[in-house]
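Each chain is listed here by its residues.
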Amino acid sequence: MSPRALATRVDRDRMTMKPELAALITTALEQLVSQGVLAGLPDAAPQIDRPKDPSHGDLSCNIAMVLAKRAGIAPRDLATQIIDTLPDNTLIDRCDIAGPGFINFFVNASHHTGVVRTILESGSDYGKSDSGAGRQVQVEFVSANPTGPLHVGHGRGAAIGDSLSRLLEATGWSVQREFYYNDAGQQINNLALSVQARGQGKGPDHPDWPADGYQGGYIEDVAAAYMAGDSVQAADREITGAADLDDLDAIREFAVACLRREQDQDLQAFQVVFDKYFLESSLYDSGAVEETVTTLQAAGHTFEDQDALWLRTTDFGDDKDRVMRKSEGGYTYFVPDVAYHHNKWQRGYQRVINEQGADHHSTITRVRAGLQGLNVGIPEGWPEYVLHQMVTVMREGAEVKLSKRTGGYVTLRDLIDWVGCDATRYFLVARAPTSQLTFDVDLALARSNENPVYYIQYAHARCVSVLRKATEIAGDAHVSAGLAHLARLDEPETLSLAISLGRFPEVVANAAERLEPHDVANYLRELAADFHSFYNAHKVLEGVPETMQARLALVAATRQVIASGLALLGVSAPDAM
RNA sequence: GCGGAAUUAGCUCAGCUGGAUAGAGCGCCGGUCUACGAAACCGGAGGUCGCAGGUUCGACUCCUGCAUUCCGCGCCA
């Protein structure tokens, strides 16, 4: 029977250990309050930790120390009273009081091994929760300008943003992934001028080369395609090169289509899919930009100075006021930005997360200020931001600064070509976004446990290999049969693997809550290590049948959790390597 | 100068809303296959958590100051 088939069984109590214990302790505290020992309950639920040292039990609680002072009782004495008052239960085998007043709980082994049943019954649903309750959240990420191929920074944004989206989905949110296309600003004119210049045979060294022209080799490709009358499929329409170097509008349209297509192909190779592409130009077409300006003026947050129109962002915490409309008449970028975010709000997204490079940090205050100025009820901290720091690429001990395609920055495509999609995604998401990231190409290519991607994927392949072998020996009934013998999973390596499997729902919930997907990457590394230790210590396909069956069930559960965890990172879980 | 981020073992990094003797991989030293995949495992050495104060039962974690590195600071996006 497959794990899928098992999932039809009665839905078990999926409550994890921490809240279960917290409830027991709260009951005890209520009892102590009614006995007059305590004056009242604490404000928050008791804090339950997993101690690092196994001799401190499976779970520990500091509540006695927290309440001791207010109760006028020594922490250790209060701990004793809490333990004595704890209701009867099957979760806890015994408790200790340790150090200054920690209560250490030793969980009944059947609760550890029982997770195997839960995992096999839940299948890919194991680890998911519904804390999001189906609420909508929009995640905007990548949002690169269509002026060149995606660089490694966009890659990091793509990896983090997509993984965040997956985490939010796993915790019950309804997620919309959006890409904002800056197709209307000055940089697009520079793009068109650059293509025009290339079409005229000029290079960056030519005296008439545009001032802020794009110098990458890809511009030559675009110019050549334009002159050859090639057709480019971009989003919903097809653009054909007009081959007319005087028609700047035609060049612009064609060039944007070319680069947009290239970015789409990069994202496809990176396994990232967006629900919506939002075009900046549409904000001008719909009048939303004008409307934003009018609204801000009407609200009295603007002033004119030196022929320019300014927004008094200092009223909303900015360190200086910002120009909205330049003296030459055009708008600065942040006006459409405000209009865009207002549009998100109007679309009903009460929660919006923007994932961007930290070099855009200064826009946060500005955009939020503009939104506050609109006075339409948008909360001060809206939208949320996740900022990632820079990525540098190392290869053979030296920083890589050049890319063939761009002549400059290293592209996402370069990384995918060098190390593959899986390794690229893993490495770009495995560090805290706030940390600068060094992408070591040689490490990502290594096929040993110095490379976490292969280490984790290898653990998955090993699981599959053992399960396959077991099926060859005696069909596929072993796994389900093992559920009756989980008590045999009692060796230290086996139990610690089971305990790690039991942590998965906490890890997912916590990573989603904190918007930090790298927690999942770290967890998987540890889980794989636990599995490899178990695997080396105990032969699965030997010994008495009941033990073998129980271990097979454990292996099947491990395979499921590794696969589910990797899926949250957008990394594949191969059956063989 | 202002704002943001960072500073933990030789290297690359974890450290969950403050919790017990600060963890992992690599590298280094030493072990484990007539094989359920050794792409693995086991053991050892290695740290004043940038510095100095403060908060408290308790600080890598919170607060203040300082130092260093990175990123922003345009009528660019």
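Bear in mind that the values here come from a model prediction, so they are computed numbers and not experimental data.

What counts as what
- Residues numbered from 1 in each chain as written.
- Chains lettered and ligands numbered in written order.
- Predicted model: local features only at pLDDT ≥ 70, side-chain atom pairs only at ≥ 80, totals over all residues.
- Heavy atoms only, no water.
- Helix = DSSP H or I, 4+ residues; strand = E, 2+ residues; numbered from the N terminus.
- Buried < 20%, exposed > 50% of the residue type's maximum accessible area, 1.4 Å probe, protein only.
- Areas by Shrake-Rupley, 256 points an atom, 1.4 Å probe, with all protein chains shown as cover.
- Lys, Arg positive; Asp, Glu negative; His and termini not counted.
- Charge placed at Lys NZ, Arg CZ, Asp CG, Glu CD.
- Axes fitted to C-alpha atoms, helices over the stretch in contact; angles between N-to-C directions.
- Parallel < 35°, antiparallel > 145°, perpendicular 65-115°, else oblique.
- Left-handed = near helix turned anticlockwise from the far one by under 90°.
- Contact = heavy atoms within 4.5 Å.
- Nonpolar A, V, L, I, M, F, W, Y, C, P; charged D, E, K, R; others polar.
- Expected span 1.5 Å × (residues − 1).
- Bend = angle between axes of the 7 residues up to and from the residue.
- Near = heavy atom within 4 Å.
- Polar contact = N/O pair within 3.5 Å; in protein donor to acceptor, adjacent residues only side chain to side chain.
- Phe/Tyr/Trp six-rings, centres within 6.5 Å; stacked < 30°, edge-to-face > 60°.
- Lys NZ or Arg CZ within 6 Å of the ring centre and 35° of its normal.
- Domains from an automatic or database assignment.
- Salt bridge = Lys/Arg side-chain N within 4 Å of Asp/Glu carboxyl O.
- Pairing = 2+ DSSP bridges.
- Core = buried A, V, L, I, M, F, W, Y, C linked by side-chain atoms within 4.5 Å.

(A) Local environment of the overall build of chain A. Along chain A, the regular secondary structure elements total 20 helices and 17 strands. Principal-axis analysis of the C-alpha atoms gives chain A an extent of 85 × 65 × 45 Å. Counting only residues that meet the buried cut, chain A has 52% of its 577 residues in that class. Accessible area of chain A: about 25,800 Å², with a carbon and sulfur share of 47%. Once the 52 positive and 77 negative side-chain charges of chain A are each reduced to a mean point, those two points are 5 Å apart.

(B) Representation of the packing of helix α6 (residues 152-170) against helix α14 (residues 412-429). Remark: α6 packs on α14, axes separated minimally by 10 Å, with the N-to-C direction vectors making an angle of 40°. With respect to each other, α6 and α14 are oriented oblique. In the crossing of α6 with α14, the sense of the turn from one axis to the other is right-handed. Between α6, through V152, G155, R156, A159, I160, D162, S163 and R166, and α14, the contact on the second element is made entirely by L412, L415, R425, L428 and V429. Of the residues belonging to the contact of α6 with α14, the class tally is seven nonpolar, two polar and four charged.

(C) Focus on α14. In this model α14 runs just 14 Å from its N-terminal to its C-terminal C-alpha over 18 residues, more than 12% under the 26 Å that 1.5 Å per residue would give. The largest bend along α14 reaches roughly 115° and is located at G420. Most of α14 is tucked away: 13 of the 18 residues are buried.

(D) Representation of the protein's contact with RNA strand B. In the vicinity of RNA strand B there are 63 residues, among which N449, Y455, Y458, R462 and K539 approach most closely. The protein-proximal atoms of RNA strand B, defined as those within 4 Å of the protein, are 68% sugar or phosphate. Measuring from a base nitrogen of RNA strand B, one finds a side-chain N or O atom of N104 at 2.6 Å. One of the side-chain nitrogen or oxygen atoms of K326 is found 3.0 Å away from a phosphate oxygen of RNA strand B. In terms of residue count, the dominant contributor to the surface near RNA strand B is helix α19 (residues 518-537) (eight residues).

(E) Looking closely at unusual backbone geometry. For the peptide bond that leads from W382 to P383, omega is -5°, which places it in the cis range. Relative to the helices and strands, P383 is located in the loop between α13 (362-374) and β14 (384-388). Phi at Q271 takes a positive value of approximately 65°, unusual for a residue other than glycine. Locating Q271 in the fold gives a position in the loop between α9 (248-269) and β9 (276-279). The phi dihedral of N375 is positive, around 60°, even though this residue is not glycine. If you trace the backbone, N375 turns up in the loop between α13 and β14. Residue classification places N375 among the exposed positions, given a relative accessible area of 63%.

(F) Focus on the packing of aromatic side chains. One pass over the full model with this rule turns up 19 aromatic pairs. With 6.0 Å between their ring centres and 80° between their planes, Y426 and F427 make a pair best called edge-to-face. Taken together, the aromatic side chains of F141, F179, Y181, F274 and Y277 make up a single cluster linked through ring pairs. The residue whose ring lies beneath R260 is Y277, and the NZ or CZ to ring-centre distance is 5.1 Å.

(G) Looking closely at the domain arrangement of chain A. In terms of domains, chain A is made up of domain 1 (17-107), domain 2 (393-445) and domain 3 (449-569). Its C-alpha centre places domain 1 at a distance of 32 Å from the equivalent point of domain 3.

(H) Structural view of the pattern of salt bridges. One pass over the structure, following the stated rule, counts 24 salt bridges. The salt bridge partner of E220 is R198, with a shortest N-O separation of 3.7 Å. Placement of the pair is E220 in helix α8 (residues 217-228) and R198 in helix α7 (residues 186-199), with a sequence separation of 22 residues. Overall, E220 belongs to the partly exposed group, its relative accessible area being 42%.

(I) Structural view of helix α18 (residues 492-514). With 23 residues, α18 ought to run about 33 Å at 1.5 Å a step, and its terminal C-alpha atoms sit 32 Å apart, in line with that. Taking the largest bend as the criterion, α18 deviates by roughly 35°, centred on F504, and proline P505 comes between one and four positions later. Two residues or fewer after α18 comes L515, characterised by a positive phi angle close to 60°.

(J) View of the sheet that holds strand β17 (residues 437-440). Strand order in the open sheet formed by three strands is β16-β15-β17, with mixed pairing between adjacent strands. Each of the sheet's edge strands pairs with one partner strand only, and the pair in question is β16 (398-399) and β17. The pairing of strand β15 (residues 391-395) with β17 spans four bridges and is parallel. Directly across from M394, in β17, lies its bridge partner D440. Of the strands in this sheet, β15 and β17 touch α14, which is tilted by about 140° from β17.

(K) Highlighting the environment of Y333. Turning to its location among the elements, Y333 is positioned in the loop between β12 (322-325) and α12 (334-346). Along the backbone, Y333 and A45 are 288 residues apart, and their C-alpha atoms lie at a distance of 46 Å. Those residues in contact with Y333 that lie beyond four places of it in its chain are T363 and R366. Within the structure, Y333 has its side chain in polar contact with the side chain of R366 (distance 2.9 Å).

(L) Seen up close, the nonpolar core. Core analysis: the biggest nonpolar cluster contains 93 residues, and V116, V142, F270, Y426 and F439 have the highest contact counts within it. Counting residues per element, this core draws most heavily on helix α20 (residues 545-569), which supplies 13 residues. Both of domain 2 (393-445) and domain 3 (449-569) provide at least three residues apiece to this core.

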